[in-house]
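Structural overview for review
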Amino acid sequence: MEVEKTPEKGKLSYLQYPVKGSDRRVTVATTRPETMLGDTAVAVNPNDERYGDLVGATLLLPIQNREIPVVADEYVDPQFGTGAVKVTPAHDPNDYEMGLRHDLPQIVVIDPNARMTEAAGEGFFGLDRYKARERVIEQFEELGLLEKAVDYEFSISRCERCKTVIEPLIMLQWFCRMDEMRELALGLMRKEGKPHFTPQVPYEKVYTDWLENLKDWTISRQLWWGHQIPAWYTSDGRVFVARSEEEARAAAGTDELTQDQDVLDTWFSSALWPFSTLGWPDETDDLKTFYPTSVLVTARDIIFLWVSRMVMTGMKFMRETPFQDTFITGTVLDKHGQRMSKTKMNGIDPLDVFDKYGVDATRLVLASIGSTDTRWNDNQVEAYRNFANKIWNAARFCLMNSEGASVGRGFDASAREEWALHDRWIMSRLNKTARETNDAIEAYQFHEAVQTLYHFFWDDFCDWYIELSKQEVSAEEASDERSAARSRLLSVLEQALRLLHPFMPYITEELWQRLPGVDESLLHTAYREGAARPTIMLASYPQADASLIDERAESEMQAVINLISRVRNIRTEMNIKPSERVRLIIASPEESARSVFEASREQMARLARTSEILIRERLEAPRASARAVLGGGAEVAVPLEGLIDFETERARLSREMEKLQKESAKLEAQLANPQFVERAPAEKVSEIRERLSDITERTRRLTETLEAIR
RNA sequence: GGUCGAGUAACUCAGCCCGGUUGAGAGUGCCUGUCUUACAAACAGGAAGUCGAAGGUUCAAAUCCUUCCUCGACCACCA
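Nothing here was measured: the structure is a model prediction, and the numbers come from that model.

A word on the overall build of chain A
- On a plain count of helices and strands, chain A comes out with 22 helices and 23 strands.
- Its C-alpha atoms give chain A a radius of gyration of 39 Å, more than 25% over the compact-globule value 27 Å for 710 residues.
- Along the first, second and third principal axes, the C-alpha set of chain A runs to 115 × 65 × 50 Å.
- Sequence separation of at least 24 residues holds for 70% of the intrachain contacts in chain A that already meet a minimum separation of 6.
- Just so you have it, chain A exposes about 38200 Å², and 50% of that area is on carbon and sulfur atoms.
- A gap of 5 Å separates the mean positions of the 89 positive and 117 negative side-chain charges of chain A.

Notes on the protein's contact with RNA strand B
- In the vicinity of RNA strand B lie 54 residues, with R375, E663, R679, K684 and E687 positioned nearest.
- Backbone atoms, meaning sugar and phosphate, make up 65% of the atoms of RNA strand B lying within 4 Å of the protein.
- In the environment of RNA strand B, a sugar or linking oxygen lies 3.2 Å from a nitrogen or oxygen atom belonging to the side chain of T30.
- Contact between RNA strand B and K390: a base nitrogen at 2.8 Å from a side-chain N or O atom of the residue.
- For the surface near RNA strand B, the element with the most residues is helix α12 (residues 378-400), which contributes 11 residues.
- For the surface near RNA strand B, the residue count by class is 18 nonpolar, 19 polar and 17 charged.

What about the pattern of salt bridges?
- Tallied over the entire structure, the rule returns 46 salt bridges.
- A salt bridge links E494 to R498, with the shortest nitrogen-to-oxygen separation between them at 2.7 Å. In this pair, E494 and R498 both sit in helix α15 (residues 480-500), four residues apart, roughly one turn of the helix.
- Residue class for E494 comes out buried when judged on its relative accessible area of 2%.
- On the basis of relative accessibility, which here comes to 9%, the residue R498 falls in the buried class.

Some thoughts on the sheet that holds strand β23 (residues 635-639)
- With respect to topology, four strands assemble into an open sheet ordered β21-β20-β23-β22, the strand pairing being mixed. The sheet is open, and its two borders are formed by β21 (610-616) and β22 (625-629), each paired with just one other strand. Within this sheet the neighbouring strands show an average axis-to-axis angle of 20°, counted without direction.
- Judged from the three bridges that link them, strand β20 (residues 582-587) and β23 form a sheet pairing that is antiparallel.

Things to note about a negative patch on the surface
- Together, E134, E138, E141 and E142 line one region of the surface with negative charge.
- By secondary structure assignment, the location of E138 is in helix α2 (residues 129-143).
- For E138, a relative accessible area of 43% gives the class partly exposed.

A look at a nonpolar patch on the surface
- A contiguous nonpolar patch, built from Y96, L100, V108 and I170 and spanning about 300 Å² of accessible area, is present on the exposed surface.
- Tracing the chain through its elements places Y96 in helix α1 (residues 93-102).
- What makes Y96 partly exposed here is its relative accessible area of 30%.

Some points on the sheet that holds strand β16 (residues 293-299)
- Taken in spatial order, the three strands make up an open sheet running β9-β17-β16, and their pairing is parallel. The open sheet has two free edges, formed respectively by β9 (196-198) and β16, since each of these has just one partner strand. The average angle at which neighbouring strand axes cross in this sheet is 20°, direction not considered.
- Bridge count between β9 and strand β17 (residues 323-329): three bridges; the pairing is parallel. The partner of F197 across the bridge, within β17, is T326.

Brief notes about the packing of aromatic side chains
- Counted by the stated rule, this structure contains 21 aromatic pairs.
- Between the aromatic rings of Y384 and Y454, the centroid separation amounts to 5.9 Å while the plane-to-plane angle is 70°, which identifies the pairing as edge-to-face. With Y384 in helix α12 and Y454 in helix α14 (residues 446-473), this residue pair connects regions lying 70 residues apart in the sequence.
- The buried category is assigned to Y454, whose relative accessible area is 18%.
- An aromatic cluster is defined as three or more aromatic residues linked by ring pairs; in this entry it consists of Y384, F387, Y454, F457, W458, F461 and Y465.
- Taking NZ or CZ as reference, K148 lies 4.5 Å from the ring centre of Y14, over its face.
- In this structure, K470 is placed above the aromatic ring of F397, and the distance from its NZ or CZ to the ring centre is 5.3 Å.

Some details on the confidence of the model for chain A
- Confidence along chain A averages 88 in pLDDT terms, with 98% of residues attaining 70 or more.
- For this predicted complex, the interface score ipTM comes out at 0.93, while the overall pTM is 0.85.

Comments concerning the side chain of T30
- Along the chain, T30 turns up in strand β2 (residues 25-30).
- Overall, the relative accessible area of 8% leaves T30 in the buried class.
- At 2.9 Å, the side chain of T30 forms a polar contact with the backbone nitrogen of R32.
- For T30, the contacting residues outside a window of four places in its chain are K11, L12, S13, L15, T35 and K86.

Re the packing of helix α10 (residues 350-357) against α12
- For the pair α10 and α12, the least separation of the axes is 10 Å and the interaxial angle reads 40°. Judged by the inter-axis angle, α10 sits oblique to α12. Along this stretch, α10 crosses α12, giving a crossing that reads as right-handed. On α12, the residues touching V353, K356 and Y357 of α10 are D378, V381, E382 and R385.
- Classifying every residue of the contact of α10 with α12 gives three nonpolar, no polar and four charged.

Section: the pairing of strand β3 (residues 41-44)
- Here β3 shows a buried face lined by A41 and A43 and a second buried face lined by V42 and V44.
- Bridging between β3 and strand β6 (residues 84-87) involves four bridges; their strand directions are antiparallel. From the neighbouring strand, A43 faces β6, where its bridge partner is V85.
- Relative to strand β5 (residues 66-72), β3 runs parallel, the two being bridged by three bridges. Residue V44 lies in a different strand from β5, and its bridge partner there is A72.

Some thoughts on the side chain of R429
- In this structure, R429 sits in helix α13 (residues 421-442).
- R429 has contacts with F456, D460 and E554, leaving out every residue within four places of it along the chain.

Overview of the nonpolar core
- Counting residues in each nonpolar core, the largest one holds 89 residues, and the members touching the most others are F457 and F461.
- With 13 residues, the top contributor of residues to this core is α14.
- Those residues within four positions of F457 in sequence are excluded, and the remaining contacts are F387, K390, I391, A394, C462, L493, A496 and L500.
- Counting 31 residues, the second-largest nonpolar core is a separate cluster that includes Y207, I219, L296 and M315.

So, how was this worked out
Residues numbered from 1 in each chain as written. Chains lettered and ligands numbered in written order. Predicted model: local features only at pLDDT ≥ 70, side-chain atom pairs only at ≥ 80, totals over all residues. Heavy atoms only, no water. Helix = DSSP H or I, 4+ residues; strand = E, 2+ residues; numbered from the N terminus. Rg over C-alpha atoms; globule rule 2.2 N^0.38 Å. Contact = heavy atoms within 4.5 Å. Areas by Shrake-Rupley, 256 points an atom, 1.4 Å probe, with all protein chains shown as cover. Lys, Arg positive; Asp, Glu negative; His and termini not counted. Charge placed at Lys NZ, Arg CZ, Asp CG, Glu CD. Near = heavy atom within 4 Å. Polar contact = N/O pair within 3.5 Å; in protein donor to acceptor, adjacent residues only side chain to side chain. Nonpolar A, V, L, I, M, F, W, Y, C, P; charged D, E, K, R; others polar. Salt bridge = Lys/Arg side-chain N within 4 Å of Asp/Glu carboxyl O. Buried < 20%, exposed > 50% of the residue type's maximum accessible area, 1.4 Å probe, protein only. Pairing = 2+ DSSP bridges. Axes fitted to C-alpha atoms, helices over the stretch in contact; angles between N-to-C directions. Patch = residues over 30% accessible without salt bridge, like charges linked within 9 Å, V, L, I, M, F, W, Y side chains within 5 Å. Phe/Tyr/Trp six-rings, centres within 6.5 Å; stacked < 30°, edge-to-face > 60°. Lys NZ or Arg CZ within 6 Å of the ring centre and 35° of its normal. pLDDT = per-residue confidence, 0-100. Parallel < 35°, antiparallel > 145°, perpendicular 65-115°, else oblique. Left-handed = near helix turned anticlockwise from the far one by under 90°. Core = buried A, V, L, I, M, F, W, Y, C linked by side-chain atoms within 4.5 Å.

Shown next, in the form of structure tokens:
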């Protein structure tokens, strides 16, 4: 963590060590020649034929004139370098391991200040490590034992902060034994599947793999910042580990104690967070109430550092998982796909983003980033800033027209059958939205939750519901109908704000407070009594009312919406100015469809900007009309005497026809395949048949239409 | 070296776990109109993708499997 690796250029020196009692020399390669002063062996691979006869032989370590053995060790890669490795147990982690395996002495030749120790010998003692490196090379040259020195690029460990090159050193440290805690965590995952990771693939495996390979944990750090190690020493060197200095004194039988200067690894302290913050080790009310917690939201690289350790200490001290679930977020990268870092200076300052686009918009962006990495782009924030603006303006419209109205009124539950189509529709959409949003949040599908809310608010509520109800809502004269319509508008808005609140806390609170009729009754039951003032923060999160989900209303409203859209499309394609009103002829063989259109006359007229609407069983329109075929056998014609350009209209309809034919060709091919009809589920097959027959019907009508203007 | 992710419209991303209901989507950008009294940070309409490549499984593949290519991450580290 605190060490960073950088590839750097250096020299790889080939040093020769004479074999005792022979003329042979063994060549070893090293990037740190000064460490040879602390060599206690040379290792070769046991299967390396070049050195087979040398295993067990004794070498004469130059300069030091010390005798060191040749040992065989699997660690050595015969393909690399000379196939012989100098072993410096005191200054290299791998060499240390080898040293243990072959029972080699550890000779410390570099001290904590990177100067050579007395053990480095006369002539080196007190010397800076790099000076020592030069001198070692010089002496090898003089002795004729320097075979060569070649340029070499290798990775160097540097301190993350000060960039000083790190030298491995043997030091006394405090360790935490991990075997028991590891088993506790692994057992929890095996037996209860906790903590449950989202996404489960691949993070559950990442987590368990890491635990399975866990070694004892070095928990002491030579820093000043942190919890000091609870170990005390007596003047004669005895050590007492205790909960407090008092305990240590009692145990030691003396007051003359010095506490260990080291501090705990910050992650050790953090590992206790889920319960230490709740008052542990005291059995506080907070601890009883809030442990275990529900979910930890965090980044990938924290799984090892923190998640696993909280689980282990939680299991050890609380005997229970610290959290049920872990949600792993993606990482926000810069626009080139690079990780943001202080050294690269490619980070984004959230405060700047807040200033530019607002806190809610920023939060919405971050909330909708899933578990894959994503590049930061201002566009997304800007889009959500626009969304916030949209919410603001929609609410402004509702409030401008709120006289005589109040949240919670308007939707008379006893008279649902009498609600207008668009009211039944918006309530259905609202409740579906609530259902989908709750489900999405439950499954940690935040992106989906945000998308659902975004489209409900913008598309359903703003683009359609407000427009559909505008006439009644903004009537000049006050009336019960007007108040009811206004109340319905406010009620839908109010619930939408509550649904949006976790994602956009500020704007929703600001607006919610202003709505007439918000009071304690909207608060979550836990807060209904005693709340100083209603706040959206304590309001209950809207849950879907299944009885208000009305598929029929949705499809009927959709038919009207489609019709309006088609007429708008015709208007644009035919270059009809917005100010110009057109006549509309709608035809449908279905009585029920006609009555739906009949009921929506006023709205169609306003939103499609028409002067007159005729609704009939059969389409009888002037030749000079633009037409469109809708689903369910309905057709619409826009008479355009003198305005229509038949060439344009034919082209428009032909494009339409092409689309239909492509689609029907696909479906026909599918049905022509006997394997499909035989093996696919029956409902799938009949669904395709239905779709095809619908398309065939539309194609037929379109053909007629095309012929009519020939 | 080990492990794992990503590649879908010009850009940033959903969808993939659990194959067919998304007759491939969103936002931005682009094109054409419009200041229609909530909103031009908007409204209305439109164009745009053989879902990295090649195979395979299947009646059916963006979705499952294999291989490859290109990016990226993490872990371990070579004297």
